[in-house]
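Tertiary structure, described
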Amino acid sequence: MASVWAPGALIPAAQGAQTEAKTERTPKKRPIDPLLCFAAMRRLALRSVLLSLSLFSPTLLLGTELAPCKPCGGLRGADPTAIAASFSTGWRPDSEAHFFIAWSVDLSSSMEGVGNQAANAAAVRAAGGTPWMTLVFHSAPPLREQAEWLNRELQLAVTAVRDLGAGAIVQVDWSPPEGVRAPAEYAFLLKRAAVAVGGAAPGARIATAAFSGDAEELNKLYAEDVAAYIDAVALKPQAQPSLAQALATLTDLDPGKPVVIDGEAYPTPADQALEIAGAQAAAGVAATLFTGDATSDVGPLKALAGEFHGDLSYDSTSSPEGSWAFVRGKDLALRVVAHAGALRFPDPTLTRVERVDFASGKIVPLGGRRVGQTVEVNAATPGVAFNILRLERTAPEGADQVKEAVTVADTSGPSVEEILRRLQEFEDGQARRLDHYQALNSTSLRFRVGEGLQSIEATFQGPYFFHQGENADWVWKTFFVNGVRWRGKSIPELPLIQPERAASMPLEVHFTKEYRYSLRGSETVGDRDCWVVDFAPGPEAKPGASLYRGSVWVDKKIFSRVRTKALQLGLTGDVLSNEETMTYSPIDANGQSVAWSSDSFVLPLTMVAQQILSILNATTLVERETHIDQVQINDQGYDSAKKDAFASDATIVRDTAKGLRYMKKTGAGERVEQNGFAKSKLFAIGGVFYEKSLDYPLPLAGINYFSLDLKKTGQQFNVFFAGALATVSLAQPRLFGSRLDLGGSLFAIAIPLEDKQYRNGGESAGETFKILPSNVGVNIGHPLGNYAKLGLSYDLLHVHYQREKTTAPDFVLPVDHFTHSLSGTAKFARSGYQVATAIGYNWRGKWDPWGLPANPDYSTQTRDYWRWNAALSKTWSFSKFRRFGAEVDYVGGRDLDRFSKYEFGYFGSSRVHGYRSNRVRAEEAYLAHLSYGFGIGDLFRIDAVADGAIANDKLAGLHDEFLAGAGISGTFMGPWQTIINLDFGVPVAGPEDGFTVYLVFLKLFH
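For clarity, every value in this text was computed on a predicted model and none was experimentally measured.

A separate point is the overall build of the chain. For the chain, the helix and strand inventory stands at 14 helices and 54 strands. Taken against the 2.2 N^0.38 rule, which gives 30 Å for 1006 residues, the C-alpha radius of gyration of the chain at 41 Å runs more than 25% over that of a compact globule. Put simply, of all contacts in the chain between residues at least 6 apart along the chain, 64% involve residues at least 24 apart. Summed over its atoms, the accessible surface of the chain is roughly 43300 Å², and 57% of this surface lies on carbon and sulfur atoms. Positive and negative side-chain charges of the chain, numbering 99 and 110 respectively, have mean locations separated by a distance of 2 Å.

Attention now moves to the environment of Gly-165. Here Gly-165 shows up in the loop between helix H6 (147–161) and strand E5 (169–174). Given the relative accessible area of 28%, Gly-165 is considered partly exposed. A C-alpha to C-alpha distance of 7.5 Å links Gly-165 and Pro-202, two positions 37 residues apart in sequence.

By size, the foremost hydrophobic cluster in this structure holds 71 residues, and its most contacted members are Phe-87, Leu-135, Phe-137, Val-161 and Tyr-186. Counting residues per element, this core draws most heavily on helix H7 (residues 183–200), which supplies 11 residues. What Phe-137 contacts, discounting residues up to four positions off in sequence, is Leu-107, Leu-150, Glu-153, Leu-154, Ala-157, Val-172, Asp-173, Trp-174, Ser-175, Leu-189 and Ala-193. Counting 26 residues, the second largest nonpolar core, distinct from the first, contains Phe-479, Phe-601, Leu-605 and Ile-633.

So, about the sheet that holds strand E15 (residues 363–366). Strand order in the open sheet made by the 6 strands is E10-E11-E12-E18-E14-E15, with antiparallel pairing throughout. A strand with exactly one partner marks an edge of an open sheet, and here the two such strands are strand E10 (312–314) and E15. Recorded for the sheet is a direction-independent mean angle of 30° between the axes of neighbouring strands. Examined bridge by bridge, E10 and strand E11 (residues 323–328) share 3 bridges and lie antiparallel to one another. Opposite Tyr-314, over in E11, you have Phe-326 as the bridge partner. Lying on the sheet, helix H10 (residues 272–283) is in contact with E10, E11, strand E12 (334–339) and strand E18 (386–393); it crosses E11 at an angle near 60°.

Attention now moves to the state of the cysteines. In total, this model carries 1 disulfide according to the counting rule given. Linked covalently through their sulfurs, Cys-69 and Cys-72 form a disulfide whose S-S length is 1.8 Å. Handedness of the Cys-69-Cys-72 disulfide follows from its S-S torsion of about 120°: it is right-handed. Its relative accessible area of 2% is what places Cys-72 among the buried residues.

With that settled, consider helix H5 (residues 117–126). Among the residues of H5, those classed as buried are Gln-117, Asn-120, Ala-121 and Val-124. For H5, the arc enclosing every buried residue in end-on projection is 95°, short of the 170-degree limit, so these residues lie on one face. Immediately downstream of H5, the backbone of Gly-128 shows phi near 95°, a positive value.

For the coordinates displayed, the defined rule picks out 41 salt bridges. Here Lys-220 and Glu-216 are joined by a salt bridge, their closest N and O atoms 3.4 Å apart. Taken together, the positions of Lys-220 and Glu-216, both in helix H8 (residues 215–222) and 4 residues apart, correspond to about one turn of that helix. With its nearest N and O atoms 3.5 Å apart, the salt bridge here joins Glu-354 to Arg-352. For the pair Glu-354 and Arg-352, one class covers both residues: buried. Taken together, the shared-partner salt bridges connect Glu-307, Arg-335, Arg-352, Glu-354, Arg-390 and Glu-392 into one network.

Bringing unusual backbone geometry into the picture now. Cis geometry is adopted by the peptide bond preceding Pro-71, which originates at Lys-70 and carries an omega value of 0°. Mapped onto the elements, Pro-71 comes out in the loop between helix H2 (58–61) and strand E2 (73–76). Looking along the chain, the bond that leaves Pro-141 and enters Pro-142 is cis, with omega of -5°. Note on placement: Pro-142 falls in the loop between strand E4 (130–137) and H6. Residue Phe-559 is not a glycine yet carries a positive backbone phi of 60°. Counting through the fold element by element, Phe-559 comes out in the loop between strand E26 (548–555) and strand E27 (561–568).

Mean pLDDT over the chain stands at 86; residues scoring 70 or higher make up 90%. In the model, residues 1–63 has pLDDT below 50 throughout and makes 120 contacts with residues more than four positions away in sequence or in other chains. Below pLDDT 50 for its whole length, residues 399–411 participates in 18 contacts with residues either more than four positions away or in separate chains.

Another point: the sheet that holds strand E7 (residues 232–235). Strand order in the closed barrel formed by 8 strands is E2-E3-E4-E5-E6-E7-E8-E9, and the pairing between neighbours is parallel. Neighbour-to-neighbour, the strand axes of this sheet turn through a mean angle of 25°, independent of strand direction. When E7 meets strand E8 (residues 259–265), the two strands line up parallel, connected through 3 bridges. Within E8, the position partnered with Leu-235 by the bridge is Ile-261. The strands touched by helix H9 (residues 240–253) are E7 and E8; relative to E7, the strand with the most contacts, the crossing angle is about 155°. Seen against the sheet, H10 touches E8 and strand E9 (287–291) and runs at an angle of roughly 150° to E9.

Our focus in this paragraph is a nonpolar patch on the surface. Taken together, the side chains of Phe-828, Tyr-833, Val-835, Leu-872, Trp-876, Phe-878, Phe-884, Val-888, Leu-930 and Tyr-932 make up a nonpolar region of the molecular surface, amounting to roughly 850 Å² of accessible area. Every element with two or more residues in the nonpolar patch is listed here: strand E45 (833–844), strand E46 (864–877), strand E47 (883–894) and strand E50 (924–936). Inspection of the secondary structure assignment puts Phe-878 in the loop between E46 and E47.

Conventions we followed
- Along every chain, residues carry numbers that run from 1 in the direction the sequence is written.
- In keeping with the predicted nature of the model, local features appear solely for residues at pLDDT of at least 70, side-chain atom pairs appear and are counted solely at 80 or more, and the whole-chain, interface and lining totals rest on all residues.
- The basis for every side-chain value is the complete set of non-hydrogen atoms in the structure, without hydrogens or water.
- The secondary structure listing takes helices from DSSP runs of H or I that are at least 4 residues long and strands from runs of E that are at least 2 residues long, numbered from the N terminus.
- The globule rule used for comparison is 2.2 Å times the number of residues to the exponent 0.38, while the radius of gyration itself is calculated over C-alpha atoms.
- Contacts are assigned to residue pairs that have any heavy atoms within 4.5 Å of one another.
- All accessible areas in this document rest on Shrake-Rupley with a 1.4 Å probe, and a residue is counted as covered only by the protein chains that are shown.
- Charged-residue counts in this description rest on Lys and Arg as positive and Asp and Glu as negative, His and the chain ends being excluded.
- By convention, the charge on Lys lies at NZ, on Arg at CZ, on Asp at CG and on Glu at CD.
- Classification of residues uses two cut-offs on accessible area relative to the type maximum, computed with a 1.4 Å probe and protein chains only: under 20% is buried, over 50% is exposed, and between them is partly exposed.
- Throughout, nonpolar core names a set of buried Ala, Val, Leu, Ile, Met, Phe, Trp, Tyr and Cys residues whose side chains join them through atoms within 4.5 Å.
- Any two strands between which DSSP finds at least two bridges are classified as paired.
- Angular values range over 0 to 180 degrees, each being the angle between N-to-C directions of two axes fitted as lines to C-alpha atoms, with helices fitted over their stretch in contact.
- Whenever a pair of cysteine sulfur atoms sits within 2.5 Å, that pair is classed as a disulfide.
- By definition, the arc is the one covered by directions from the helix axis to the C-beta atoms.
- The salt bridge definition used is simple: a Lys or Arg side-chain nitrogen within 4 Å of an Asp or Glu carboxyl oxygen.
- Confidence scores here are pLDDT values: one per residue, from the predictor, ranging 0 to 100.
- For patches, a residue must show more than 30% relative accessible area and have no salt bridge; joins then use 9 Å for like charges and 5 Å for nonpolar side chains, namely Val, Leu, Ile, Met, Phe, Trp and Tyr.

Structure follows, in structure tokens:
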């Protein structure tokens, strides 16, 4: 037998009898002719380039290649089981073959009408095929107004695709009543359906409805950011010029996305299907779906599936006229759809030629003839126009090494759109598995007004009920104030200050582009590797709309949330800022911790939030912490447990679209949603304050009235009157609908306070007198970003001076006067940290000489003066109501005197526990404060406090003087549902002795 490499020699046919289709032959290794090596290496280089491009295609990175075949074929019909039987009749291609069997499921029917689609899919797979299910939706546009009907069809779709299996194709078709399929409306449906299908059938791929290929229509579709939700684009059958234009348009819009021709009539004779599939694959089509039935001759499709699987690429240089050759990557062999007759292949490296018999699936050896640098093959078959040929060649040494080198170069990752789709699929699938759950909710609200470490903590605990499609309900069974259990029969109805609901939530499928997303990178949260996706309002967000900006950490393996951090924008009302961080955990149906998997329930069991409120012009920092445990998912006792809770006398609030609302109990025992909540409260206050600067304990007895909406004007109002003491505040948190807040305040006291002078290490005899201050102020503020606020205030202070028994006869009292003060403030709060700065200019209306003769503290320069301060504080909260706080301060000024310096008493701006008011003063001081709070059971709370200061005052003889005080504050419940607060302090270092005591009773009226 002549050598295959000899010029003009015959290429031998395969020896022996015909073999089964599954037989795989390995050519014998032969020495490579140097003259022929160039052609093979050229194809190897081309193959490497194609491989490189495919590796870096985002579509292939997520495994969304339609099927490992080229050309790919399939048959669509009304009865997939019967079509599958036709593919199973007679010979069957090997297990690596790929073909599709497609059918439609009409979603306008009932749940029973959807039928057993899992059985259809199983029959298709048993025949060796891949299921292609077309879901036909009928919801009428506009879809945003047809939520109930659309959700019904989506649920039917989920039922249909369940158990479909990985790798199946789900096509989303839409046949609206009027027959008009607007691209924007269809895009919304496509996204929603893709997410629902992906959640119910992980691993399924999504194909679009069959489009005409019109460029304008495709551009409008992709303008809705659908690329990540599509795994294949379907086109209607069309002529070659139109197909080429449609493929060019799709290449620009979505490079690398598989395109399918859907709806080609299955031809007669059947072998012409090979011509259609081959020509379309050569043009760039990934698969061709023919329309037929169980009577169709599927032999050519089976042969196509058996031969054209694996890593194949169209090779135009090896395709004679009337044929389409595809080169296989692993060995550079050719699989050819060939027009019957004599074909001449311009490739001298071909070694063996065979033909596939459609009727039997057997391999028929063919001879070939070398003619110069070509190989001539006679493919004629009686009665058949198109054949499938197998042409082998010997790949040059080094092909595997080159291919491997290209393979390991793949280092890119999924796009942000693909990550979002997978996240939405996980959450949609979980939502359909999770019908309802009940749990124990514990939420603590810590209020910090102004600077300092002192805060008020309110904690609510009780059952929590959640049901899909309904508002969640929270039963307040237990209430704690600073860790002390409320002993009243019912929990008081408190004003529910809360941010408004966002116009739309991020990370969900929306009809318009309210949000834009970007992939920041990767981070590790706990032991989970996560993608970090940032989100912010998008180009179609309405100006001023309440939306979110933040980040979500998405698990790389199961694509669930691990953490979200979101800042709400566009807030109105009392809430200036709202930032929430949710931490997600995997649990089973009984609430037990389990491994992260697609079968677990991943829920936000912990939430930490920070809100900044504008209350009476004061920046109030609210730290919220919520824990959910004892979760019971889809428990049969849910309804009875909720019914018992609603029948009880417990306080119940409902999470509605307008925020939390109280569920009031009617006389008939039913619960009805209260329209809003009481925005005004009346308190009774009683108590006593004492320090050595007072002749006797100062009694406090009075009322406090507070309103968040005075006479429905949106204004905030507070009045505290305790006989000898009165404060009144009025504020408008949204001046003329803007973010400016404007308010005023009044302070007056009827009992004079003792003012002493500390000089040269001791108290100066004869310089003690009494003062009676009153103050009125106006404040204006505006948020700076989302964590800061700037303020400007004007205060008018009046001081009346009185002599007392110890005042020296020759001591001249200061003249009663007004002091004008203009101050600017800046505050910043984030993650529990709070920074505050202030600077103020002050000017006295009158300022005559005062004090003992030759008083060194008096100067005309002190008539006007400056004061400034800065503070940094942070509190840490732990379980069982334990809390630790730390603060550092700096205070200073210029041209300060006895009446403008900083003092360290209870009412001073720089308090040191135990120090009396109006005694020890300083021009400058550095301070530190520490506190640690804990509970004694749930009956009593104690906060241990330590204050320290480094003070400087030239006149008083303080040079880096160390001042220190210690104290305790406590909270406990008194009789008649009163809350009692105690504050006691003693000095421990510095020029002070004595103690301070403050005891107050608070009674809340409903």
